[in-house]
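Architecture at a glance
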Amino acid sequence: MNTSQLKKTQKLCVAALRATAIDGINLANSGHPGASLSLAPIMYILYRDFIVANPFKPNWINRDMVVLSCGHASMLLYTILHLCGYNISIDDLKKFRKRGSITPGHPEVGVTEGIDASSGPLGQGVAQAVGIALAERMLASKYSSHLFNHYTYCICGDGCLEEGISQEAISFAGLNKLGKLILLYDANDVTLDGPLAQSDINDVKMRFEASNWEVITVKDGNNLKEIHNAIAKAKENKEKPSLIVFKTIIGYGSKNQGTCKVHGAPLGEEDGNNAKLSYEYTNAPFDIPQEVYNDFKETFIARANEKYEKYNNYYQQQKTLDADKIALLEKIYNKDLDSLIDNLKYDESLFKTDATRNVSGELLNFYHENLPFLVGGSADVASSVKTHLKNGVTYTPETQNGTNINWGIREFLMCAASNGILLHGGLRSYVGSFFVFSDYMKSAMRMASLMEVPQIFLLSHDSIAVGEDGPTHQPIEHFAMLRTIPNFNLIRPCDARETYGAYKVALKSKKTPTAIILSRQKLPLLDTSLSDGDFEKGAYIVSKANKEKPDGTIIATGSEVALAIETKNKLYEEYHLDFDIVSMPSYNSFDVQSDEYKASVLRSSRENTFSVEMASTFGWYKYSAHPYGINTFGASGNANELIEYFKFTEPYFTKFVLANLSK
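Now for a quick tour of the structure. All of these numbers come straight from a predicted model, not from anything done at the bench.

Moving on, we get to the sheet that holds strand 13 (residues 489-491). Spatial strand order, 10-9-11-12-14-13: six strands in an open sheet with parallel pairing. Every interior strand has two partners, whereas the edge strands, strand 10 (404-406) and strand 13, have only one. For this sheet, the mean angle separating the axes of adjacent strands, direction not counted, is 20 degrees. Bridging between strand 12 (residues 456-460) and strand 14 (residues 514-517) involves four bridges; their strand directions are parallel. Bridged to F457 within strand 14 is A515. Each of strand 9 (374-378), strand 10, strand 11 (428-434) and strand 12 touches helix 16 (residues 411-424); the most contacted strand, strand 11, lies at about 170 degrees to it.

Laid out in structure tokens, this is it:
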């Protein structure tokens, strides 16, 4: 193909991408044409000339991975994936934003082939991409750069870079020299409410360079040659992550181009047709010329076939040469870890009276010694949350085989980037912080649940027993907050044995993230914890009444299980009342059990069922008519003084039970 023909074909391809994005958004009568139109030339060159992936093997472990952080431009991404041969049809494009379609309003991993990360909450995609790039480096060091040698591309807009998480991600990536991370920035200078200038004055180039990034600027986001040269240059720099600033026009071709009017509303038929005419594109809606398909077939698909075949030959050789190592890698990717976890036995002599954060630290190191794919760290509180891996190397640009990650004081980044590690595959990650800071982490925790990645959150300092640090550090409403997230498992163990049980549940999880909530204060080792094997069901009777029908039931979690047992003994000795004590480490898991199982655990009427937890009573009325908790903020003072002040002692709780027990 001569130069003139190539230019003509490329112009047609970009026009087809823009036109189809207009058509899909118009048909849905909903969507965001602005970024789809400004980004079309950039996405075209990225997929046509650079992305190495296989549409027929969409989960190929060594593919280049793409995160559309500005997920509202999804119609453009679906269109280009359709042209690249992924399992997305024209009919799927016509169902954009329709219920049950594989082309939802924002990209969703696991719903649409070719989507590597769910995105939409602005800025999180940048952090996810950092995690993906970090995982690639870790795995290349652990295995070889032949098995893992790909790039991570992230497409973002002005909004992504205004979100605070973006700066957390930028700083971390620059510190760790993630040279195979390339951020493509659609700098159209417009946000939903108006010009970017009304809310931002940053010098983006200086901002990124200050964080050790290479910055490349493309002054004309429609110039395909400049776009190509910029991406090629970014790929050459292995020492720094790269930002490519593309100066673009939002809603290119619309009568309202360059304004916020085209950000989040369909162009409509008249303006859409006028925009298409400005591209010299006259095809009917969703009618894409064969030349466009051929262009991607001769570039993206041809490259995919060549690269995948070469890689697969090498992979099969490695399977023969090191069968055990590759078999373990495949188990991790398939999340097939049950037998591996079950065969690891923690020495029961280590079960003792202790703070569950300390027990967690020992367990974490135990699993790290036995599971070489376990990586993670905390937001600068490793010594407090006990997340440091004693025999683990700290990850740095010089020690990329490290398993200890120093996330710094960046809770939101830590969680979103760790989600990226899991999206990449090949590793299992955990993060650590104080429970109260789950406020900062919440959005990424929700995304972990939505994306069905089995993230592990180790959250300590679980109650007012934090003590002198006061109400700013004492979680009150946080149990209720996290329990409301769909597909999320919050486990609050009552002692060392239950902490062990929590780890097994978390590590064996395939699609559900788990938060293990840990105490700062010592908790007694209970004689009967984990005794009946129903821990994974979320609740079980830890101390059973002697009567066939108990006088009442007390549900408790964490440190309050010991309080409940103490109260049970007092009620029996002085008042001849016989209670069941139920440990409910996971409200979420218990909630999905059968009615029969629930009835076997909660043997009393709801009117004679009590719950006790040093936190908000919100949610407990489902199982208990009489929740005992805290519906105010805490206070600063010695932990024991606060426990007494807030009446979480046996005399107070016994009095509460007696006052509310139905005769």
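Having seen it, we continue.
A few words on helix 10 (residues 268-278). Every α-helix carries 3.6 residues per turn, so stepping three or four residues along brings you back to the same face. Inspection of helix 10 places D271, G272, A275 and K276 among the buried residues, and these make up the whole buried set. For helix 10, the angular spread of buried residues about the axis comes to 140 degrees, placing them on one side. The outward face of helix 10, more than 90 degrees from its buried face, is lined by the exposed residues E269, E270 and L277. Residues of helix 10 that are buried make contact with helix 1 (3-28). Just downstream of helix 10 lies E280, where phi reads positive at about 65 degrees.

Right, let's talk about the sheet that holds strand 1 (residues 65-68) for a bit. With parallel pairing, the five strands of this open sheet are ordered in space as 1-2-3-7-6. The open sheet has two edge strands, strand 1 and strand 6 (214-218), and neither has a second partner. On average, each strand axis in the sheet is tilted by 20 degrees relative to the strand beside it, whichever way the strands run. Looking at chain direction, strand 3 (residues 181-187) and strand 7 (residues 242-247) are connected through six bridges and run parallel. Within strand 7, the position partnered with L183 by the bridge is L243. Contacting strand 2 (152-157), strand 3, strand 6 and strand 7, helix 9 (residues 224-236) runs over the sheet at an angle of about 175 degrees to strand 6.

Next up on the list: the environment of H32. With respect to the helices and strands, H32 occurs in the loop between helix 1 and helix 2 (33-50). Considered as a pair, H32 and V262 are 230 residues apart in the sequence and their alpha carbons are 7.3 Å apart. Not counting residues up to four positions away in its chain, the partners in contact with H32 are I25, H72, R97, H263 and G264. At 3.4 Å, the side chain of H32 and the side chain of R97 are in polar contact.

Our next topic: the packing of aromatic side chains. Counting across every chain of the model gives 33 aromatic pairs. Summarising the aromatic geometry, the rings of Y78 and F96 are spaced 6.2 Å apart at their centres and angled 65 degrees between planes, so their arrangement reads as edge-to-face. With Y78 in helix 3 (residues 74-83) and F96 in the loop between helix 4 (90-94) and helix 5 (124-142), this residue pair connects regions lying 18 residues apart in the sequence. An aromatic cluster of at least three residues, connected via ring pairs, comprises Y346, F351, F366, Y367, Y500 and Y503. We note R18 situated over the ring of Y279; from NZ or CZ to the ring centre the distance is 5.5 Å. Sitting over the face of the ring of Y151, K180 holds its NZ or CZ atom 5.2 Å from the ring centroid.

The subject of this paragraph is unusual backbone geometry. Although it is not a glycine, K177 sits at a positive phi angle of roughly 50 degrees. By the secondary structure assignment, K177 is in the loop between helix 7 (164-175) and strand 3. Looking at K177, the relative accessible area reads 31%, which means it is partly exposed. Of note in this structure, D380 is not a glycine but carries a positive phi near 70 degrees. Mapped onto the elements of the fold, D380 is located in the loop between strand 9 and helix 15 (382-385). Residue classification places D380 among the exposed positions, given a relative accessible area of 54%.

The rules behind each value
- Residues numbered from 1 in each chain as written.
- Predicted model: local features only at pLDDT ≥ 70, side-chain atom pairs only at ≥ 80, totals over all residues.
- Heavy atoms only, no water.
- Pairing = 2+ DSSP bridges.
- Helix = DSSP H or I, 4+ residues; strand = E, 2+ residues; numbered from the N terminus.
- Axes fitted to C-alpha atoms, helices over the stretch in contact; angles between N-to-C directions.
- Contact = heavy atoms within 4.5 Å.
- Buried < 20%, exposed > 50% of the residue type's maximum accessible area, 1.4 Å probe, protein only.
- Arc of directions from axis to C-beta.
- Polar contact = N/O pair within 3.5 Å; in protein donor to acceptor, adjacent residues only side chain to side chain.
- Phe/Tyr/Trp six-rings, centres within 6.5 Å; stacked < 30°, edge-to-face > 60°.
- Lys NZ or Arg CZ within 6 Å of the ring centre and 35° of its normal.

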